[in-house]
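# Summary of structural features
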Amino acid sequence: MFPPNSDDDDSRQTRRKFIGTAAALSGVGLAGCSGSDSTPTETDEPMMTDTPTEEPTEEPTDTPTETATPKSPAPDVPILNYALTLEHLENAFYRDGLDEFSDDELMNADTLSKFDETVRMQVPDYLRTVGAHEKAHVDALSATIQDLNGEAVMEGEYDLGYNTPSEFLAIGEALEDTGVSAYAGAAPKVVNNDLLAVAAGIHSVEARHAAFLRLVNDDNPFPKAVDKARSVNDVLEIAGQFVTSEVDPSVYELEDDRPKHDRKMEDDTTDLNVLNYALTLEHLENAFYRDGLENFSDSELMNADVLMDYGSGIREKVPGHLQLVGDHEAAHVSAITDTIEQLGGDPVQEANYDFGYSNASEFLGVAKALENTGVAAYAGAAGTVKADAVFNAAISIHSVEARHASFLNELNVVSPFPAGVDESMTMAEVTEIAGQFIVEE
């Protein structure tokens, strides 16, 4: 929904532009996604100026100059500028840090000493990918703010406080975790559903970044079953530790009379429908880890063929991390079941499954597929959740699924964060995928 003085054609055009930008971000060529090449558009009512004639009239006219009435910024501009402030900070962090440290310095950071060559050699390229994502986020957000008649905040001046590659990696982890909590806190306030879909896709990518950086810093990639959401003030206080230039907080203030969110899609899908849909997926994941971890010993998991390129630094962590992922899925099942019952609904029950794996490597491959599907499922369903409490919980589970997916991608030797914006899937698409594992009694 846009302000009353925005005409419908302009609103639809802006939404199409942003969705197109999101599609470009999701592809491989992130460097080509930029909002800096936009050209001025003609106004509906061009400025009229007095043009002198060869023979001036005897009496000058008093007709005033006509100008087009500027359009008000869309209600989501303050939220987008808030996100842009954080993306500027992250973009500058990776850009400047990767200029300062060579690949050899990064690969030989003290904090990576526990890991084998495979992991250490990944770090520079993966950091460049993360930096490209943050740059693409800056470009897309800046262009969208302009399309929504707003003024995009500019990059500030920063003192990021690192002196060594290990300190650089530690601060990267802190920034990414802060980004996850910032998007989780701001997403419920987004009015335009199209913007929300892309914000959810960026939110989960920030979580993927965070999980990888936590892994290489020898921290837990997914410390909680539900990620924390932070308020604007809390996030700006954290970011303020690195910002040396003046910040005007008024650009993030929301108008009291802003329209209500447009999350509820024009269909008959209720919040209970969405919760049971999520519960179906969580039952599936919970059963997968519960049964799989009973089938395979720690030794079998650590020595899976797919992990053969990794040394003990990664392999020794696999059983414990997988157990924690399973604990998270069980917690999600309990929380969603309780919520459905509190809302007067009937929770769906666990089904019978056939996951099709016969060895530890296949188990890890199916885990990767399930976690990435879970990310897409939560992103796709976010736009049809009406109740704020339900949405807040769902968006914070969404990023945890992305942390899981990042880790499982890493174990399967594919990029933890394959795109700048995670894709979303419809409920029908996800149900079809999940149905491949569900068997009749």
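In this report, we go over the structure that sits alongside the text. (Residues numbered from 1 in each chain as written. Predicted model: local features only at pLDDT ≥ 70, side-chain atom pairs only at ≥ 80, totals over all residues. Heavy atoms only, no water.)

## Quick word on helix α4 (residues 117-147)
For α4, which comprises 31 residues, the first-to-last C-alpha distance of 46 Å matches the rise-based estimate of 45 Å (1.5 Å per residue) to within 8%. Helix geometry: α4 is bent most strongly at Val123, by close to 35°, with proline Pro124 lying one to four residues after it. At the N-terminal end of α4, a side-chain oxygen is found 2.9 Å from the backbone nitrogen of Thr118, two or three residues along, and the residue is Asp116. (Helix = DSSP H or I, 4+ residues; strand = E, 2+ residues; numbered from the N terminus. Expected span 1.5 Å × (residues − 1). Bend = angle between axes of the 7 residues up to and from the residue. Polar contact = N/O pair within 3.5 Å; in protein donor to acceptor, adjacent residues only side chain to side chain.)

## A look at the packing of helix α12 (residues 360-381) against helix α13 (residues 388-411)
The interhelical angle for the contact between α12 and α13, taken along N-to-C directions, is 150°, at an axis separation of 8 Å. When the interaxial angle is binned, α12 and α13 end up roughly antiparallel. Taken as a pair, α12 and α13 cross one another with a handedness that is left-handed. On α13, the residues touching Leu364, Ala367, Lys368, Glu371, Asn372, Val375, Tyr378 and Ala379 of α12 are Ala394, Ile397, His398, Glu401, Ala402, His404, Ala405, Leu408, Asn409 and Leu411. Class assignment for the residues of the contact of α12 with α13 results in 11 nonpolar, 4 polar and 3 charged. (Axes fitted to C-alpha atoms, helices over the stretch in contact; angles between N-to-C directions. Parallel < 35°, antiparallel > 145°, perpendicular 65-115°, else oblique. Left-handed = near helix turned anticlockwise from the far one by under 90°. Contact = heavy atoms within 4.5 Å. Nonpolar A, V, L, I, M, F, W, Y, C, P; charged D, E, K, R; others polar.)

## Description of the packing of helix α5 (residues 165-186) against helix α6 (residues 193-216)
Where α5 meets α6, the closest approach of the two axes is 8 Å, and the angle between their N-to-C directions is 150°. In terms of orientation, α5 and α6 fall into the roughly antiparallel class. The two elements α5 and α6 meet at a crossing, and its hand is left-handed. Facing Leu169, Gly172, Glu173, Glu176, Asp177, Val180, Tyr183 and Ala184 of α5, the residues of α6 in contact are Ala199, Ile202, His203, Glu206, Ala207, His209, Ala210, Leu213 and Arg214. In terms of residue class, the contact of α5 with α6 is made up of 9 nonpolar, 3 polar and 5 charged.

## As for the side chain of Glu173
On the secondary structure map, Glu173 appears in helix α5. Side chain to side chain, Glu173 and Asn217 meet in a polar contact 3.2 Å long. With near-sequence residues (within four places) excluded, Glu173 lies in contact with Leu213, Arg214, Asn217 and Asp219.

## Concerning the pattern of salt bridges
In this structure the tally under the stated criterion is 16 salt bridges. Taking the shortest distance from any N to any O, the salt bridge between Arg95 and Asp96 comes out at 3.0 Å. Two residues, Glu173 and Arg214, come together in a salt bridge whose shortest N-O distance is 3.3 Å. Placement of Glu173 in helix α5 and of Arg214 in helix α6 is noted, with a sequence separation of 41 residues between them. Considered together, Glu173 and Arg214 belong to a single accessibility category, that of buried residues. Within this structure, Glu173, Asp177, Arg214, Asp227 and Arg403 form a network of salt bridges that share partners. (Salt bridge = Lys/Arg side-chain N within 4 Å of Asp/Glu carboxyl O. Buried < 20%, exposed > 50% of the residue type's maximum accessible area, 1.4 Å probe, protein only.)

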